[in-house]
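This is what each chain is made of:
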Amino acid sequence: MKKFFIPLSFIMGVVVLTSNYLVQFPINYYGLEEILTYGAFSYPVAFLITDLANRSYGKVVARKIVYVGFIIGIAFTLFFSTNFADLISVRIAIGSGTAFMVAQLLDVQIFDYLRKKKWFVAPLTSSLIGSTVDTFLFFSISFYATGIPWVTLSLGDLAVKIFVALAMLIPFRLLLGTLKASKA
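Cut-offs used in this document
Residues numbered from 1 in each chain as written. Predicted model: local features only at pLDDT ≥ 70, side-chain atom pairs only at ≥ 80, totals over all residues. Heavy atoms only, no water. Helix = DSSP H or I, 4+ residues; strand = E, 2+ residues; numbered from the N terminus. Rg over C-alpha atoms; globule rule 2.2 N^0.38 Å. Buried < 20%, exposed > 50% of the residue type's maximum accessible area, 1.4 Å probe, protein only. Contact = heavy atoms within 4.5 Å. Areas by Shrake-Rupley, 256 points an atom, 1.4 Å probe, with all protein chains shown as cover. Lys, Arg positive; Asp, Glu negative; His and termini not counted. Charge placed at Lys NZ, Arg CZ, Asp CG, Glu CD. 1 Å grid on protein atoms, 1.4 Å probe; cavity = no way out; pocket = protein on both sides within 12 Å on 5 of 7 lines; lining within 4 Å. Points joined across faces, edges and corners; volume = space filled by probe spheres on them. Salt bridge = Lys/Arg side-chain N within 4 Å of Asp/Glu carboxyl O. Axes fitted to C-alpha atoms, helices over the stretch in contact; angles between N-to-C directions. Parallel < 35°, antiparallel > 145°, perpendicular 65-115°, else oblique. Left-handed = near helix turned anticlockwise from the far one by under 90°. Nonpolar A, V, L, I, M, F, W, Y, C, P; charged D, E, K, R; others polar. Core = buried A, V, L, I, M, F, W, Y, C linked by side-chain atoms within 4.5 Å.

Chemist: Lay out the overall build of the chain in plain terms, naming residues and giving numbers.
Modeler: If you tally the helices and strands in the chain, you get 8 helices and 0 strands. Expected size for 184 residues packed as a compact globule is a radius of gyration near 16 Å; at 16 Å, the chain falls within 12% of this value. Considering only C-alpha atoms, the chain reaches an extent of 50 × 30 × 25 Å along its principal axes. Relative to its 184 residues, the chain shows a buried fraction of 48%. Sequence-distant contacts in the chain: of pairs separated by 6 or more residues, those separated by 24 or more amount to 75%. For the chain, the accessible area works out to roughly 9,000 Å², and carbon and sulfur atoms hold 73% of it. A gap of 20 Å separates the mean positions of the 15 positive and 8 negative side-chain charges of the chain.

Here it is in structure tokens:
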């Protein structure tokens, strides 16, 4: 387990940094600039990490990965991605931290509650609920009253996160065997 704790925490931090950076860039193709940012594609990996840790090592370890990932992600965001002269950039850092912590800890609890169901029920349900909470907390804190169309951006973002949560079931199932095999 120790073999995977630091790498999973570090990857979690990188996912948070990447997503916080990419959320600043709307997709300027096919009229999607008002409903979708690039951050929607990277952030669901955070739920994959939490769910793999939860399934393989339990909710206590998954929570620890969330806490360490939070510290790494926020430190990376403040250092690499936050322009303190730009209020929206600061709000993105605050919104990201708040949404991440609430949504990831909620994901851990829901996953743990559903862990005895079929293999896909816990990761899919916890990721969908966590993504919904994360999306609306993040976008409302980061962009409310800024003139940025945060409601439509959050809906577009959530649609992609739902699609990616479904797609993440494939690596979840494949990686789960790797983590469990190394547990012994």
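Chemist: Describe in detail empty space enclosed by the protein, supporting the description with residues and values.
Modeler: As enumerated under the stated definition, the model contains 3 cavities of 30 Å³ or more in all. The space that makes up the largest cavity amounts to roughly 140 Å³. In terms of lining residues, the largest cavity is bounded by 16 residues, among which Ser19, Asn20, Tyr43, Asp134 and Phe138 are the most central. Looking at the lining of the largest cavity, the elements with two or more residues in it are α1 (2-22), α2 (39-42), α5 (87-114), α6 (121-143) and α7 (150-167). Put simply, the second largest cavity is a space of about 70 Å³. Lining the second largest cavity, in full, are Pro44, Phe47, Leu48, Asp51, Pro123, Leu124, Ser127, Ala165, Met168, Leu169 and Phe172.

Chemist: Which residues make up the pattern of salt bridges, and what are the values?
Modeler: Applying the stated criterion to the full structure yields 4 salt bridges. Across the pair Lys161 and Asp157 runs a salt bridge, and its minimum N-O distance is 2.9 Å. Taken together, the positions of Lys161 and Asp157, both in helix α7 and 4 residues apart, correspond to about one turn of that helix. You can call Lys161 buried: its relative accessible area is 4%. One continuous salt-bridge network, built from bridges that share partners, spans Lys59, Asp112 and Arg115.

Chemist: Tell me what's going on with the packing of α6 against α7, and back it up with residues and numbers.
Modeler: Contact geometry for α6 and α7: axes closest at 9 Å, N-to-C directions at 160 degrees. Of the possible angle classes, the one that applies to α6 and α7 is roughly antiparallel. For the element pair α6 and α7, the recorded crossing hand is right-handed. Along its contact with α6, which presents Leu124, Ser127, Leu128, Ser131, Thr132, Asp134, Thr135, Phe136, Phe139, Ser140 and Phe143, the element α7 presents Trp150, Leu153, Ser154, Leu155, Asp157, Leu158, Lys161, Ile162, Ala165 and Leu166. Among the residues making up the contact of α6 with α7, the classes are represented as 12 nonpolar, 6 polar and 3 charged.

Chemist: Which residues make up the nonpolar core, and what values go with them?
Modeler: Grouped together as the largest cluster of nonpolar side chains are 20 residues, with contacts concentrated most on Leu8, Met12, Ala46, Ile49, Ile65 and Phe100. For this core, the secondary-structure elements that each account for two or more residues are α1, α3 (44-57), α4 (59-81) and α5. Counting residues per element, this core draws most heavily on α1, at 6 residues. Those residues in contact with Ile65 that lie beyond four places of it in its chain are Phe5, Leu8, Ser9, Met12, Ile49 and Ala53. Formed by 14 residues, the second largest nonpolar core is a distinct cluster that contains Ala40, Ala122, Met168 and Phe172.

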